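Structure at a glance
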Amino acid sequence: MKHLLKMLDLTSEDITGILNLADQLKYEQKHGIEHRHLAGKTLGMIFEKASTRTRVSFEVGMYQLGGLPIFLSVNDLQIGRGEPVQDTARVLSRYLDGIMIRTFKQSEVEALAQNGSIPIINGLTDFSHPCQVLADLMTIREYKGSLEGLKLCFIGDGNNMMNSLIVAGLKMKMEVAVACPAEYKPSAAVLDFAVTHPAFSITTDPKEAAKGADVVITDVWSSMGMEDEEKKRREAFKGFQVNEEIMSAAKSDAMIQHCLPAHRGEEITEEMFEKHAKEIFDEAENRLHAQKAVLVTLLGKK
Ligand code: CP
Ligand code: NVA
């Protein structure tokens, strides 16, 4: 593994390796065991969109690993004034040991990886959110013991989260059922991968997708950059709310995951959010541990 660009690039062994290391790093942090695996290393963090969890967990993670995180807002970088990503990548490769980037287009992240000479980590694009999905898998494994054979259900927009969960779930031998309005399907590249797996299903009926699920996952109806579509999307996603009725179709011990931020009353009811808050905030915490595992895997001694 050289970069973390999207879940499609990872093998199931890569994913298991990261999850195992994440568990170990979580244990070490909780027990005050020093784990400065990245002493002297630097991570540039380029943000073209807002962030609470990703920014803070990467900064704290690098600090705990003994390294230095550098926050770089796109508004302050020359990228914001038109300097090509290719040049930025070649320059930053001379200073840094790794780059985390949150941006719009997946192609921008891929271009950084192609033109630079250091590991690139995708901190969210419109296509993929691999760091979040690794934390989700870690949390599901903590609660359920293992992943294989579990039914993962995603209800909502066929955006970065649905794309990444479909691929990750199938790679970890989970059954993956997704429900979305017909006009908000996941990306073609993800569907091409998914349809070769008998364990995958896609429907416009959320209750059908949730039937017998071990974990139900949702995300906002309007992702960052889609603010001007909010009204239209609220209409289109009306029947795609994770609520009591949907959860009654899932297993009685089903958990809920939400990458956050959440819009209560839209993709999830206040009641369901609060009922499953422990799992959801464990998931948020696990961003820290899963990303530390990614950082050690990519930036640590080879
Ligand atoms: N879930 C997630 O990526 O949160 P932030 O947008 O706050 O980083
Ligand atoms: N799908 C959401 C995820 C936020 C973490 C977005 O892209 O805005």
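Residues numbered from 1 in each chain as written. Chains lettered and ligands numbered in written order. Predicted model: local features only at pLDDT ≥ 70, side-chain atom pairs only at ≥ 80, totals over all residues. Heavy atoms only, no water.

The protein appears in an unreviewed UniProt entry as Ornithine carbamoyltransferase from Caproiciproducens galactitolivorans. Comment text from UniProt for the protein, heading Catalytic activity (unreviewed entry), reads "carbamoyl phosphate + L-ornithine = L-citrulline + phosphate + H(+)". (UniProt positions renumbered as here; feature names shortened; annotations may be inferred.)

Here we look at the site of ligand 1
Around ligand 1, the surrounding shell consists of S51, T52, R53, T54, R102, H129, Q132, C259, L260 and R287. In this structure, an oxygen atom belonging to ligand 1 sits 2.8 Å away from a side-chain N or O atom of R53. Between ligand 1 and the protein, one listed contact pairs an oxygen atom with a side-chain N or O atom of T54 at 2.7 Å. Protein chains bury 95% of the 250 Å² of accessible surface belonging to ligand 1 in isolation. More than half of the atoms of ligand 1 fall within 2 Å of the grid points belonging to the largest pocket. Its residues placed into classes, the shell around ligand 1 shows two nonpolar, five polar and three charged. (Near = heavy atom within 4 Å. Polar contact = N/O pair within 3.5 Å; in protein donor to acceptor, adjacent residues only side chain to side chain. Areas by Shrake-Rupley, 256 points an atom, 1.4 Å probe, with all protein chains shown as cover. 1 Å grid on protein atoms, 1.4 Å probe; cavity = no way out; pocket = protein on both sides within 12 Å on 5 of 7 lines; lining within 4 Å. Sits in = over half its atoms within 2 Å of the grid points. Nonpolar A, V, L, I, M, F, W, Y, C, P; charged D, E, K, R; others polar.)

Details of the side chain of D219
Residue position: D219 is located in the loop between β8 (215–218) and α9 (230–236). Dropping the residues within four chain positions of it, D219 is found in contact with F154, I155, N160, M161, H258, C259 and E267. (Helix = DSSP H or I, 4+ residues; strand = E, 2+ residues; numbered from the N terminus. Contact = heavy atoms within 4.5 Å.)

Some remarks on the sheet that holds strand β4 (residues 120–122)
On the basis of which strands lie adjacent, the open sheet formed by four strands has the order β2-β1-β3-β4 and parallel pairing. Each having just a single partner strand, β2 (68–73) and β4 make up the two edges of the open sheet. Taken over all neighbouring pairs, the strand axes of this sheet differ in orientation by 20° on average, direction set aside. The sheet contact formed by strand β3 (residues 98–102) and β4 spans three bridges and is parallel. For I101, the partnering residue across the bridge sits in β4 and is N122. Of the strands in this sheet, β3 and β4 are in contact with helix α4 (residues 106–115), which crosses β4 at around 165°. (Pairing = 2+ DSSP bridges. Axes fitted to C-alpha atoms, helices over the stretch in contact; angles between N-to-C directions.)

Notes on the packing of helix α2 (residues 53–64) against helix α12 (residues 277–299)
Two elements in contact, α2 and α12, have axes separated by 9 Å at closest approach and are oriented at 55°. In terms of orientation, α2 and α12 fall into the oblique class. Our pair here, α2 against α12, has a crossing hand that is right-handed. Residues R53, T54, S57, F58, V60, G61, M62 and Q64 of α2 form the contact with α12, whose own contacting residues are R287, L288, Q291, K292, L295 and L299. Residue classes in the contact of α2 with α12 are distributed as six nonpolar, five polar and three charged. (Parallel < 35°, antiparallel > 145°, perpendicular 65-115°, else oblique. Left-handed = near helix turned anticlockwise from the far one by under 90°.)

Considering the UniProt feature "domain: Aspartate/ornithine carbamoyltransferase Asp/Orn-binding" (unreviewed entry) in the protein
The UniProt entry lists residues 148–297 under the feature "domain: Aspartate/ornithine carbamoyltransferase Asp/Orn-binding" (unreviewed entry), expressed in the numbering used here. Taken end to end, residues 148–297 comprises 43% helix and 15% strand; its first and last C-alpha atoms sit 23 Å apart.

Here's the deal with the environment of Q132
As for its position among the elements, Q132 is in helix α5 (residues 130–144). Separated by 134 residues in sequence, Q132 and E266 place their C-alpha atoms 21 Å apart. Setting aside residues up to four positions removed in sequence, Q132 forms contacts with M161, C259, E283 and R287. Within the structure, the side chain of Q132 is placed 2.9 Å from the side chain of D136, a separation counted as a polar contact.

With respect to the site of ligand 2
In the region of ligand 2, the neighbouring residues are L124, H129, N159, N160, D219, V220, S223, M224, C259 and L260. N160 places a side-chain nitrogen or oxygen 2.8 Å from an oxygen atom of ligand 2. Computed on the free molecule, ligand 2 has an accessible area of 270 Å², of which 94% lies beneath the protein chains in the complex. The site holding ligand 2 turns out to be the largest pocket. Looking at side-chain class alone, the shell around ligand 2 contains five nonpolar, four polar and one charged residues.

So, helix α6 (residues 160–171)
Note on helix geometry: an α-helix contains 3.6 residues per turn, so any two residues three or four positions apart are oriented the same way. The terminal C-alpha atoms of α6 lie 17 Å apart, and with 12 residues this matches the ideal 16 Å at 1.5 Å per residue to within 8%. Extensive coverage of α6 is indicated by the burial of 12 of its 12 residues. Taken as a whole, α6 has its buried residues at N160, M161, M162, N163, S164, L165, I166, V167, A168, G169, L170 and K171. (Expected span 1.5 Å × (residues − 1). Buried < 20%, exposed > 50% of the residue type's maximum accessible area, 1.4 Å probe, protein only.)

Observations concerning the layout of surface pockets
The space that makes up the largest pocket amounts to roughly 400 Å³. Lining the largest pocket are 25 residues, and of these R102, L124, M224, L260 and P261 sit closest to its centre. Going through the elements one at a time, α2 and α6 are the ones with two or more residues in the lining of the largest pocket. Lining the second largest pocket are E244, M247, S248, K251, S252, D253, A254, M272, K275 and H276. Broken down by secondary-structure element, the contributors of at least two residues to the lining of the second largest pocket are α10 (244–249) and α11 (270–275). Tallying contributions element by element places α10 first for the lining of the second largest pocket, with three residues. (Points joined across faces, edges and corners; volume = space filled by probe spheres on them.)

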